[in-house]
Amino acid sequence: MDAVDVAADLSEVLFTSDQIAARLSEIAAQIDADYAGTNPLLVGVLNGAVMVMADLSRALSIDCAMDWMAVSSYGMGTHSSGVVRILKDLSTDLVGRHVLVVEDIIDTGLTLTYLMQNLASRNPASLEIMTMFRKPDAMKIQVDVKYIGFDLPNQFVVGYGLDYSGRYRNLRDVGILAPHVYS
């Protein structure tokens, strides 16, 4: 689905699918260099990171393993609740592994801070974060992120895995959701 298909639901397109693909290729090249000679474990955070994880893993030249976690702090609203729940845990042992957490978006940082503390307690060799999008003005907790695709304004955005109430994840572009959709 393209932005033109849901134009009435978007107040602005922030990034096109071409811009996202180009930035993801740049990040993949950085990860290839940083993890050369290792077999990192990419940990995708469901559901939003599905698009990022798929595209990132295919853009990498290095061999990597993948696993998934589902962590929630949203529910049906447009703002993070701050309450974090693990809905699906990893099936891979992290001891001695180089772990790269792959996120779709970091806004408040609350969910990711909890997740990183949880993963660090499992004794990985290294633990880093890659996020496709970040909202610096929404951050309540500073999170050290090694790879960042784009910074976003502190508005409700959808597309490329980002959703509102389960919709718009398959939108190839990223845009600001028009208030009439969620008000």
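Caption draft 1: View of the overall build of the protein. Across its full length, the protein holds four helices and nine strands. When the helices and strands of the protein are read in sequence order from the N terminus, they spell out β-α-β-α-β-β-β-α-β-β-β-β-α. Taken along the three principal axes of its C-alpha coordinates, the protein extends 50 × 35 × 25 Å. A burial count over the protein gives 49% of its 183 residues as buried. Residue pairs at least 24 apart in sequence account for 66% of intrachain contacts in the protein once pairs closer than 6 positions are excluded. Carbon and sulfur atoms make up 49% of the accessible area of the protein, which totals about 8,500 Å². Across the protein, the 13 positively charged side chains and the 22 negatively charged ones have centroids separated by 5 Å.

Caption draft 2: Region of the structure containing the nonpolar core. Ranked by internal contacts, the top residues of the largest apolar core, which has 29 residues, are Ile31, Met130, Met132 and Phe133. When contributions to this core are tallied by element, the ones reaching two or more residues are strand S1 (10-15), helix H1 (17-34), helix H2 (50-59), strand S5 (98-106), strand S6 (126-134), strand S7 (147-151) and strand S9 (174-177). When residues of this core are assigned to their parent elements, the largest contribution, five residues, is made by H1. Residues contacting Ile31, with those up to four places away along its chain left out, are Leu56, Leu60, Ile62, Leu100, Met130 and Tyr147. Grouped together as the second largest cluster of nonpolar side chains are 19 residues, Val43, Val101, Ile129 and Val143 included.

Caption draft 3: Geometry of the sheet that holds S6. The strand order across the open sheet formed by six strands is S4-S3-S2-S5-S6-S7, and the pairing between neighbours is mixed. One side of each edge strand has no neighbouring strand; the edge strands of this open sheet are strand S4 (85-88) and S7. Shown here is a sheet whose adjacent strand axes are inclined to one another by a mean of 30 degrees, direction ignored. Pairing of S6 with S7, which is carried by four bridges, proceeds in the parallel orientation. Paired with Arg134 across the strands is Asp151, a residue of S7.

Caption draft 4: Region of interest: the pattern of salt bridges. For the structure shown, the criterion picks out nine salt bridges. Here Glu26 makes a salt bridge to Arg23, at a shortest N to O gap of 2.9 Å. Linking Glu26 with Arg23, this pair stays in helix H1, spanning three residues, or about one helical turn. We classify Glu26 as partly exposed; its relative accessible area is 46%. Across the salt bridge formed by Arg134 and Asp151, the nearest N and O atoms sit 2.8 Å from each other. Here Arg134 is found in strand S6, whereas its partner Asp151 is found in strand S7, with 17 residues between them in sequence.

Each value, and the rule that gives it
- Residues numbered from 1 in each chain as written.
- Predicted model: local features only at pLDDT ≥ 70, side-chain atom pairs only at ≥ 80, totals over all residues.
- Heavy atoms only, no water.
- Helix = DSSP H or I, 4+ residues; strand = E, 2+ residues; numbered from the N terminus.
- Buried < 20%, exposed > 50% of the residue type's maximum accessible area, 1.4 Å probe, protein only.
- Contact = heavy atoms within 4.5 Å.
- Areas by Shrake-Rupley, 256 points an atom, 1.4 Å probe, with all protein chains shown as cover.
- Lys, Arg positive; Asp, Glu negative; His and termini not counted.
- Charge placed at Lys NZ, Arg CZ, Asp CG, Glu CD.
- Core = buried A, V, L, I, M, F, W, Y, C linked by side-chain atoms within 4.5 Å.
- Pairing = 2+ DSSP bridges.
- Axes fitted to C-alpha atoms, helices over the stretch in contact; angles between N-to-C directions.
- Salt bridge = Lys/Arg side-chain N within 4 Å of Asp/Glu carboxyl O.

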